[in-house]
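Observations on the model geometry
One letter stands for each residue in the lines below.
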Amino acid sequence: MTTASRLVFVPSANIFEAPNSWFSRIALSQGATVGELLAMLRMKARDADFAFLSQETQEAAMALGIDLRDLKVACRVFHNFLRAGLEPRRFLLYEGQRPSYRFCPHCLKARSEPYFPVHWRFACWRVCPLHRCVMCDSCESCGMRVSLPRSMIHAGPKGEGVAYLSKCLTCGTSLAAIKTTPVDSFPGVVLAAWERELASNGRAVLAALYTGFVYVSADGPSRPLRKLAELERRGVIPNNPRFLAPERLIERFVTAEAIQASS
Ligand SMILES: [Zn+2]
Ligand SMILES: [Zn+2]
């Protein structure tokens, strides 16, 4: 990957896919590292989830036969995020300096070509609405969080490569096989009503970033996106990592299961 010829066998993007996810998959499809791909895309910023929006990168990608507009949701959400002037370190997940993601094992398992969607990058996206489970923070086997983009060609425990994003890129274990905490089991025990409400505010943030408007109440007026920063300061957006911390939830779930079994 040293010349700017059009790439072949580029995997299709899912419209919900995060740029960092797609770039990881594209690099693998070309037998290249992510660094090589990002250099060809003339991406200068560290975080490709934002850097893909630059005119220079859009043109470089088009010359390679990659249409970054295929990332339809990412284009709107990250554009609106920048427009709203929100603080990335408060709203997005990072592992050190690297972009990081939570994941739903059931979603990863259901996809023939696993990918990480935009909303899994957001600190406030705490519950998978499709599978009604708490999002996972890290690999169960090695404890590592998912950081993307990453060179899949050199991933895995021996650096021999990992073919799918449904596997941990550090130890190779399936992320799709992790047991989740269902939010609808043992109502009021595993998740209190206020926790469910706060978690649903997380989904509302993504809806706001997609539509470009914030609705504080169902029948109230729309507010500009910068309102999100104020709501975050007021503590009504579940960005705090201690909220729904996995170890505490598992403890509650196991206790509730034990109580049910003994009754
Ligand atoms: Zn799911
Ligand atoms: Zn692992």
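Model, not experiment: these values are computed from the prediction.

1. A few points about the packing of aromatic side chains
The final tally for this structure, using the stated rule, is 8 aromatic pairs. Ring centres 5.6 Å apart and planes at 45 degrees place the aromatic pair Phe-50 and Phe-81 in the tilted group. One end of the pair, Phe-50, is in helix H3 (residues 48-51); the other, Phe-81, is in helix H5 (residues 72-84), and 31 residues separate them in sequence. A single burial state applies to Phe-50 and to Phe-81, both of which are buried. On the numbers, 5.3 Å between centres and 90 degrees between planes, the contact of Phe-116 with Trp-120 is edge-to-face. Under the relative-accessibility criterion, Trp-120 is labelled buried at 2%. Taken together, the ring pairs connect Phe-50, Phe-78, Phe-81, Phe-91 and Phe-122 into an aromatic cluster. Between Arg-76 and the ring centre of Tyr-210, over which it is positioned, the NZ or CZ distance is 4.1 Å. Lying over the aromatic face of Tyr-94, Arg-89 brings its terminal NZ or CZ to 3.9 Å of the ring centre.

2. What to know about the coordination of the zinc ion (ligand 1)
Those protein atoms acting as donors to the zinc ion (ligand 1) are Cys-104 (SG), Cys-107 (SG), Cys-128 (SG) and His-131 (ND1), and they sit at 2.1 to 2.3 Å. Around the zinc ion (ligand 1) sit 4 donor atoms, and with donor-metal-donor angles ranging over 102 to 114 degrees the site reads as tetrahedral.

3. Overview of the coordination of the zinc ion (ligand 2)
Binding of the zinc ion (ligand 2) to the protein goes through Cys-139 (SG), Cys-142 (SG), Cys-168 (SG) and Cys-171 (SG), at separations of 2.3 to 2.4 Å. For the zinc ion (ligand 2), the 4 donor atoms in the first shell make angles of 105 to 117 degrees at the metal, a pattern classed as tetrahedral. Linear spacing of the donor residues for the zinc ion (ligand 2) on their chain is C-x2-C-x25-C-x2-C. Of this pair, Cys-142 sits in the loop between strand S4 (133-134) and strand S5 (146-147) while Cys-171 sits in the loop between S5 and helix H8 (193-211); the two residues are 29 residues apart in sequence, bridging distant segments of the chain. By relative accessible area, which is 22% here, Cys-171 ends up partly exposed.

4. Focus: the UniProt feature "domain: TniQ" (unreviewed entry) in the chain
As annotated by UniProt and renumbered to match this structure, "domain: TniQ" (unreviewed entry) occupies residues 17-134. The distance separating the terminal C-alpha atoms of residues 17-134 is 20 Å; by composition the span is 46% helix and 8% strand.

5. Structural notes on empty space enclosed by the protein
Counted by the stated rule, this structure contains 1 cavity of 30 Å³ or more. Counted as a void, the largest cavity has a volume near 90 Å³. Contributing to the lining of the largest cavity are 13 residues, with Arg-145, Val-146, Lys-167, Cys-168 and Leu-169 lying nearest its centre.

6. Quick look at the pattern of salt bridges
If you walk through the whole model with that rule in mind, you get 14 salt bridges. In this structure, the salt-bridge partner of Asp-47 is Arg-121, at a minimum N-O distance of 2.8 Å. A residue pair is termed long-range when its members are at least 10 positions apart, and Asp-47 in the loop between helix H2 (34-40) and H3 and Arg-121 in the loop between helix H7 (105-110) and strand S3 (127-128) qualify at 74 residues. The burial state of Asp-47 is the same as that of Arg-121; both residues are buried. We note a salt bridge from Glu-195 to Arg-252, for which the minimum N-O separation is 2.9 Å. With a gap of 57 residues between them, Glu-195 in helix H8 and Arg-252 in helix H10 (residues 246-262) connect regions that are remote in the sequence. A relative accessible area of 22% places Arg-252 in the partly exposed class. What you see here is one network of salt bridges that share partners, running through Glu-17, Arg-25 and Glu-113.

What counts as what
- Residues numbered from 1 in each chain as written.
- Chains lettered and ligands numbered in written order.
- Predicted model: local features only at pLDDT ≥ 70, side-chain atom pairs only at ≥ 80, totals over all residues.
- Heavy atoms only, no water.
- Phe/Tyr/Trp six-rings, centres within 6.5 Å; stacked < 30°, edge-to-face > 60°.
- Helix = DSSP H or I, 4+ residues; strand = E, 2+ residues; numbered from the N terminus.
- Buried < 20%, exposed > 50% of the residue type's maximum accessible area, 1.4 Å probe, protein only.
- Lys NZ or Arg CZ within 6 Å of the ring centre and 35° of its normal.
- Donors = N, O, S within 2.8 Å, 3.2 Å for Na, K, Ca; no water.
- Tetrahedral: all angles 85-135°; square planar, octahedral: opposite > 155°, others 65-115°.
- UniProt positions renumbered as here; feature names shortened; annotations may be inferred.
- 1 Å grid on protein atoms, 1.4 Å probe; cavity = no way out; pocket = protein on both sides within 12 Å on 5 of 7 lines; lining within 4 Å.
- Points joined across faces, edges and corners; volume = space filled by probe spheres on them.
- Salt bridge = Lys/Arg side-chain N within 4 Å of Asp/Glu carboxyl O.

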